[in-house]
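Results of the structural survey
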Amino acid sequence: MKNHLIIGLGGTGGRVIRALRKRIMVENRSNDVPIPGRSGECLGLRYLYIDSSAEMMNPTDESWRVLGQSVQLPQSAQMKITGANIRAVLANPQTHPTIRPWIGSPNQWAKVPDTVISAGAGGQRRRLGRFLFAMKAAEFSEKLSRSVDELRRATGNSDVHVHIVTGLAGGTGGGSFIDVLTQVAQHQSITTSSHISLFAVLPERNTTWNAGNYYANGYASLLELNGLLIGKYRPCDLSTPGQLVTLNHQLLKGIYLISNENSDGISLTVDSDVPVMIADFLYERLLESEQGQAPIATNENENFGPELVPGTTEPQRARMFSSFGIKRVEYPENEIEEYLAANIARMASLQLSFNNWTDEFGFIDRRVQVNFRQRVEDKTLRERWRLTDDHLKYVLPVLDEDSSRAREHNWLPTLDAEWNEARDYYQVECKDLDRLEMLPRYHDLMEQQFGNGGFRRQGVQEFYRLRSAGRAAIAARIAELVEDELLRKWREGEIGWSLDDLLETLKSLREALEERRAGFEKAASDLRERIKSYDDELAEQRFAAADTSPITWPFKRSGILQAYAQVVSEYMVARTDLEATNFATSLIPAILEQIIELQNHIERVRTIVAEALERLRQTIDSRLRTEDANASAAAIRRFDPTTVVQLRDKILRDRSEMGRIASEIRRSLLDTPLLRNSPHFRTLLEELQGVALDQRLLERCDAMTKSVHDNLVQGDANRVLGVQLIQRLRTEFGGDPEKLDAFTRDIVAKAKPFARIDETEKVKDPQTVGAPPGAAMVTAIVVQRPKPPGYEAFLDSLDTSINATHLGIRIPDPSTSKPNALTAISVHSGMPIRFLEIAKFLKAEYQKRLDATVDLGKLEVHTEDGALELPDLFLTAGPPVNALSYLLLGQSLGIVFEEKHPQTGRNEIVLKSLDRDGFDQIDKIADKWADLPAALEHREFLTLKNTVDTLVAKTLVHQDKKREIYAAVVALVREVGDAEGQRSDRYTACREGASVAKKILGVED
């Protein structure tokens, strides 16, 4: 089947979906599953994860990451079933007609702790979990429709295989899986040729998760599932008020029960190993789903009839249950490639952070030694960054618009040049004036140049007033120039310009600017003192000029004017320099503010790179662990770690190769359209949002790893990529048949189904337990392995060795196995639940829970009260449950009585019922009353029960009639007390039986 929908319920379902999506990503480097043998075609695959906890639904949850990417489900594939208030529903149940019949009474729920109710989760209360799901049943139906519609549109195929995954012991999964199963089976979007599979994880022994109901939930879930499969449990329909549901068996493809132990005593952790195993099995199921004779599917339960009440057609125990085990042997090429990619990505990250190469280790995690103070005080660098004194004092322009203005208005490069030009110009204008007018006039003209639009066409004070108003823009431009160069040198990979170096450069720049600010403040103080001295000197020169003799004036005029003009020019330079210095003093804090902001941006980038380095280290540490001997590991890996490590070191120490890779990484990160348009670290921060840097680096390095490997590896012996598993196995075992046999025995043993079998239950006589003739559990083993050309002789030896491990092993050809994986899968089919070794333990815990508080226990562990009366999962010793109650009712109704046998004349106890044709039928059920109920056979009990239930339903509708019959029951019990004493065991049993009989009758108090 081409379309598949995986529905995960509760934490178990979520973990399986996560493991499956990781496996798909590792195998295919995408979230799609290609159809084997069909180029370009993929399976239709959708997911729906339902839980009362959002713990695994967070889009940034790191546990969903693999190969540097997140495989987290989109929100549309998640359904959180919280927020419903059960107290409110209990207070007004008629407003929820699909919930009212089974939810229970407020008095019963009052015994459940408020902390459980208010938590909004299943809390190991199955009925509470069912309630949470029921409140979202309409949303589930809508999401199911949407998922199936999407699959049909994507593939053009209308059939779908729905795989439901759940745990049985929790409140959410255990409480909702029956409804999910039945709602899917009757949903309008599911065609009659679609399939449904159920994967149910059994509770494990010695768990720390048991909060009181854990094991009892497990057995109650199994009781209800068995009852559903045999048609005895018809739960209320959550979609239609007043309706009961019946499961369509034709849709069922597999009912898998999975524990954490197999028959070889191998144990898996329930929260990590078991989900991975189920995901591996599901993945193989997906791969083979398009095959006509799928090797796994042909070993699923198909037509295993139930175990009946002996001598009747009454089903008791379904035999539709399966279990499985799976073990992969693989050459972990994908993991090796990821390991190498992670190491390369880490090296590239070290280059980004420190750019410090050593021939022994490659890039290392400390920066090169640089005199950063000398760097920031370099004259050429200051000129590029427009941080010279003349730029800070705005003698030279900083803003580009001022550079244009400077060219247009002929700004001179120094203040001396500006005022020397004015000095010479005004000397010419004043040289012919008389001795009393010349110097004052010259002074006035220079003052006008200073203050009335002369200096750079604005005047000194106006010029600097306007520059002060634009101080922020000037500071931003300087910071922009600094940032441009830092970003460019980092992008180009220059030594001494790593991220760490950039931060140290800015630190030194800040220190230098602070010192220069103090220097400007000192210079301003000195300038103010010098300006005062110029006032005295100019006054003396004006007095001397005025005192010059008219006779000598013509001869001294030029010298006097020249001397005076020089002092005025110096005076104007000092005054202008004071304005410029004050401006520089005020500009530096604005620059520092911009530099600090830039520093913060770079620091955030460095933090992101540091976090990526740490995650890459964790990725590296988690890859290629030598766990080959660990039976619980998902796969047994055959590779040489030493060869991989040697290649890793060769790659990381190749300066040319690593330099090329680091350059490519920098280009991919820093030469993007967005950064070319806006070359700022804040832009880079925006680009780094959403996808973790290590994921980006892994993705880029993963694309380069194969070519790097091929460039550096010489000879097949040193290759770690492009290696065939069969080639590896032939090298390891080809010349040693004994080692090969030991290898294949180990693989098949580790693939045994994870459901320990109770051999005593397994070998019980089918006739005794009501099983069909010849009924037996079927075990099938499928081994899938690649078949590369050129290895025919070794493949024959391998197949012979595999077949020798167990009878009936199938090795399909062609195999769906991946090129580098050998997969052994074993499946038990045709099992009743009683075959499971853990089932007796679960039953004991279930009974213990009910014995403690029957009403509360029933409410918490069963989804409906009526489930308590479902057929047991084991053959019970002694009379059937409630046999005594039905015998008391039978006597009171006159269908169980004592009479003489017409031929022998002996008294015997008989049961009167109707045969198929509606005639009375009298059957002996015991020789005397004392033999009952022990002598009552299950077949006879069923006849009794059906007859009583029919009479109660048809003839005892009125409460008065019900009370009348109940009074007769009480009278019978009193007779026993009078005859045998009220302390006798029989009297006690009869009293308890009468109490149940009252409920069967429906007598109201």
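Computed from a prediction, not measured in an experiment: that's the story for all the values here.

A word on the overall build of the protein
- What the protein contains, in helices and strands, is 37 helices and 20 strands.
- Here the C-alpha atoms of the protein give a radius of gyration of 45 Å, more than 25% beyond the 30 Å that 2.2 N^0.38 yields for 1005 residues.
- The dimensions of the protein, computed from C-alpha atoms along their principal axes, are 180 × 80 × 50 Å.
- Expressed as a percentage of its 1005 residues, the buried residues of the protein come to 53%.
- Long-range contacts, defined as pairs at least 24 residues apart, comprise 77% of the intrachain contacts of the protein with a sequence gap of at least 6.
- Carbon and sulfur atoms form 47% of the exposed surface of the protein, whose accessible area is close to 44,200 Å².
- Positive and negative charge centroids in the protein, built from 127 and 144 side chains respectively, lie 2 Å apart.

Some details on the sheet that holds strand S19 (residues 907–914)
- With respect to topology, three strands assemble into an open sheet ordered S18-S19-S20, the strand pairing being antiparallel. Edge positions in the sheet fall to strand S18 (896–900) and strand S20 (920–926), since each of these pairs with one other strand and no more. Between one strand axis and the next, the sheet turns through 45 degrees on average, direction left out of account.
- Pairing analysis gives five bridges linking S18 to S19, with the strands arranged antiparallel. The residue of S19 that forms the bridge with Phe 897 is Val 910.
- Helix H35 (residues 938–955) contacts S18, S19 and S20 of the sheet and is inclined by roughly 55 degrees relative to S19.

Some thoughts on the environment of Leu 889
- Note that Leu 889 resides in helix H34 (residues 883–893).
- For the pair Leu 889 and Pro 59, spaced 830 residues apart in the sequence, the C-alpha separation amounts to 60 Å.
- Once residues lying within four places of it in the same chain are set aside, the contact partners of Leu 889 are Val 948, Ile 965, Val 969, Ala 997, Ile 1000 and Leu 1001.

Some words on the pairing of strand S7 (residues 195–201)
- Along S7, six of the seven residues are buried, which leaves the element largely enclosed by surrounding structure.
- Direction of pairing for strand S6 (residues 161–167) relative to S7: parallel, over a ladder of seven bridges. The residue of S7 that forms the bridge with His 163 is Ser 197.
- Note that the unit made of S6, helix H8 (residues 172–185) and S7 has a crossover that is right-handed.
- Examined bridge by bridge, S7 and strand S8 (residues 252–258) share six bridges and lie parallel to one another. Its bridge partner being in S8, Ser 197 is matched across the sheet by Gly 254.
- With respect to chirality, the unit in which S7 leads through helix H9 (residues 214–229) into the neighbouring parallel S8 is right-handed.

Points about the domain arrangement of the protein
- Along its sequence, the protein is organised into domain 1 (3–83 + 125–289 + 836–868), domain 2 (335–366 + 623–712), domain 3 (372–417 + 460–592), domain 4 (725–834) and domain 5 (882–1001).
- A separation of 49 Å is found between the C-alpha centroids of domain 2 and domain 3.
- The interface is formed by 13 residues belonging to domain 2 together with 16 residues belonging to domain 3.
- Here domain 2 meets domain 3 over a buried area of about 1,300 Å², counting both sides, of which 60% is carbon and sulfur.
- On the domain 2 side of the interface with domain 3, the three residues burying the most area are Asn 355, Leu 670 and Phe 681, jointly 43% of the side's total.
- Scanning the region where domain 2 abuts domain 3 turns up zero salt bridges.
- At the boundary of domain 2 with domain 3, the tally comes to 11 residue pairs in polar contact (both at pLDDT 80 or more).
- Breaking the side of domain 2 that touches domain 3 down by element, the ones donating at least two residues are helix H11 (333–353), helix H23 (655–670) and helix H25 (681–687).
- Of the residues belonging to the side of domain 2 that touches domain 3, the class tally is six nonpolar, four polar and three charged.

So, the packing of helix H19 (residues 471–492) against helix H21 (residues 553–622)
- Contact geometry for H19 and H21: axes closest at 8 Å, N-to-C directions at 40 degrees. Between H19 and H21, the angle is such that the two are oblique. In this structure, H19 meets H21 at a crossing whose hand is right-handed. Contacts between H19 and H21 involve Arg 471, Ala 472, Ile 474, Ala 475, Ala 476, Ile 478, Ala 479, Val 482, Glu 483, Leu 486 and Trp 490 on the former and, on the latter, Phe 583, Ser 586, Leu 587, Ala 590, Ile 591, Gln 594, Ile 595, Leu 598, Ile 602 and Val 605.
- Each residue belonging to the contact of H19 with H21 can be placed in one class, and the counts come to 17 nonpolar, two polar and two charged.

Concerning the packing of H11 against H21
- Between H11 and H21, whose axes approach to 9 Å, the crossing angle comes to 155 degrees. One finds that H11 runs roughly antiparallel with respect to H21. Viewed along their axes, H11 and H21 form a crossing whose handedness is left-handed. For the pair formed by H11 and H21, the contact residues are Glu 335, Glu 338, Tyr 339, Ala 342, Asn 343, Ala 345, Arg 346, Ser 349, Leu 350 and Ser 353 on the first element and Val 609, Leu 613, Leu 616, Thr 619, Ile 620 and Ser 622 on the second.
- Split by residue class, the contact of H11 with H21 holds eight nonpolar, five polar and three charged.

Here's the deal with empty space enclosed by the protein
- A full pass over the atoms with the stated rule returns four cavities of 30 Å³ or more.
- Of the volumes computed, that of the largest cavity is approximately 70 Å³.
- As for the largest cavity, its lining consists of Leu 202, Arg 205, Ser 259, Asn 260, Glu 261, Ala 755, Arg 756, Leu 836, Glu 837 and Ile 838.
- For the lining of the largest cavity, a count of residues per class yields four nonpolar, two polar and four charged.
- Space inside the second largest cavity adds up to approximately 40 Å³.
- Looking at the second largest cavity, the residues that line it are Phe 743, Thr 744, Ile 747, Val 748, Val 783, Ile 802, Leu 822 and Ala 824.

Conventions used here
Residues numbered from 1 in each chain as written. Predicted model: local features only at pLDDT ≥ 70, side-chain atom pairs only at ≥ 80, totals over all residues. Heavy atoms only, no water. Helix = DSSP H or I, 4+ residues; strand = E, 2+ residues; numbered from the N terminus. Rg over C-alpha atoms; globule rule 2.2 N^0.38 Å. Buried < 20%, exposed > 50% of the residue type's maximum accessible area, 1.4 Å probe, protein only. Contact = heavy atoms within 4.5 Å. Areas by Shrake-Rupley, 256 points an atom, 1.4 Å probe, with all protein chains shown as cover. Lys, Arg positive; Asp, Glu negative; His and termini not counted. Charge placed at Lys NZ, Arg CZ, Asp CG, Glu CD. Pairing = 2+ DSSP bridges. Axes fitted to C-alpha atoms, helices over the stretch in contact; angles between N-to-C directions. Right-handed = clockwise from strand over helix to strand, strands pointing away. Domains from an automatic or database assignment. Buried area = accessible area lost by both parts, 1.4 Å probe. Salt bridge = Lys/Arg side-chain N within 4 Å of Asp/Glu carboxyl O. Polar contact = N/O pair within 3.5 Å; in protein donor to acceptor, adjacent residues only side chain to side chain. Nonpolar A, V, L, I, M, F, W, Y, C, P; charged D, E, K, R; others polar. Parallel < 35°, antiparallel > 145°, perpendicular 65-115°, else oblique. Left-handed = near helix turned anticlockwise from the far one by under 90°. 1 Å grid on protein atoms, 1.4 Å probe; cavity = no way out; pocket = protein on both sides within 12 Å on 5 of 7 lines; lining within 4 Å. Points joined across faces, edges and corners; volume = space filled by probe spheres on them.

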